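Coordinate inspection notes
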Amino acid sequence: MRILAGVILAFWLGYLTASFGLFNLLLEEKNALYILIAIAASYLVIFIPLERIAEAEARRSTGYPFRTSAREHLQRRGSF
């Protein structure tokens, strides 16, 4: 599903670029180009590593619901 959404987004952005001349507009407007580059860089620096870390943690802790809770630990020790 994620791949399909990426393909649709790529075609849509390509259509917008071709039909409205967005690339030429960005080349003319330096401030808009700098903002676009900054947004893309922040996406690459923050979101992609964060997604990989979250995915690795999700794979690592697959048995989480089946572990004992803090309350059960306290009951076993007699502290509760």
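Throughout this document, residue positions are counted from 1 along each chain, in the order its sequence is written. Reporting of local features is limited, given that this is a predicted model, to residues whose pLDDT is at least 70; pairs of side-chain atoms are given and counted only at 80 or more, and all residues count toward the totals for whole chains, interfaces and linings. In computing side-chain values, all of the structure's heavy atoms are included and hydrogens and water are not.

1. As for the overall build of the chain
For clarity, the threshold we go by: Counting from the N terminus, the helices are DSSP H or I runs at least four residues long and the strands are E runs at least two residues long. Think of it in three bands: residues with accessible area under 20% of the maximum for their type are buried, residues over 50% are exposed, and the middle band is partly exposed, with areas taken using a 1.4 Å probe on protein chains only. Computed with the Shrake-Rupley method and a 1.4 Å probe, the accessible areas treat only the protein chains shown as cover for residues.
A tally of regular secondary structure across the chain gives four helices and zero strands. Reading the chain from its N end, one meets helices and strands in the order α-α-α-α. Counting the 80 residues in the chain, one finds 2% classified as buried. For the chain, the computed accessible surface area is about 7500 Å², with 68% contributed by carbon and sulfur atoms.

2. A few points about helix α4 (residues 70-77)
In terms of residue burial, α4 counts as a barely covered element, since only zero of its eight residues are buried. Following α4 by one or two positions, Gly78 adopts a phi angle in the positive range, close to 85 degrees.

3. Describing helix α3 (residues 30-60)
Note the cut-off: By this rule, a helix spans an expected 1.5 Å times one less than how many residues it contains. Fitting axes to the seven residues that end at a residue and to the seven that start at it, the angle between those axes gives the bend at that residue.
With 31 residues, α3 extends 45 Å from end C-alpha to end C-alpha; this agrees with the ideal 45 Å at 1.5 Å per step. The sharpest bend along α3 measures roughly 30 degrees and falls at Tyr43.

4. So, the packing of aromatic side chains
Basically, it comes down to this: In this analysis, rings of Phe, Tyr and Trp, with Trp reduced to its six-membered ring, are considered paired at centre separations within 6.5 Å, and the interplanar angle assigns stacked below 30 degrees, edge-to-face beyond 60, and tilted for intermediate values.
If you walk through the whole model with that rule in mind, you get one aromatic pair. Each ring, one from Tyr43 and one from Phe47, has its centre 5.3 Å from the other, and the planes form 25 degrees; the classification is stacked. Here Phe47 and Tyr43 lie together in helix α3, a separation of four residues that amounts to about one turn. What makes Tyr43 partly exposed here is its relative accessible area of 43%. A residue is classified by how much of its surface remains accessible, and Phe47, at 40% relative accessible area, is partly exposed.

5. A few points about a nonpolar patch on the surface
Using the following cut-off: A patch consists of residues exposed above 30% relative accessible area that lack any salt bridge, with like charges linked at up to 9 Å and nonpolar side chains (Val, Leu, Ile, Met, Phe, Trp, Tyr) linked at up to 5 Å. Any carboxyl oxygen of Asp or Glu that lies within 4 Å of a side-chain nitrogen of Lys or Arg is treated as forming a salt bridge with it.
A surface patch of nonpolar side chains, amounting to about 530 Å² of accessible area, comprises Tyr43, Leu44, Val45, Ile46 and Phe47. You can see Ile46 is positioned in helix α3.

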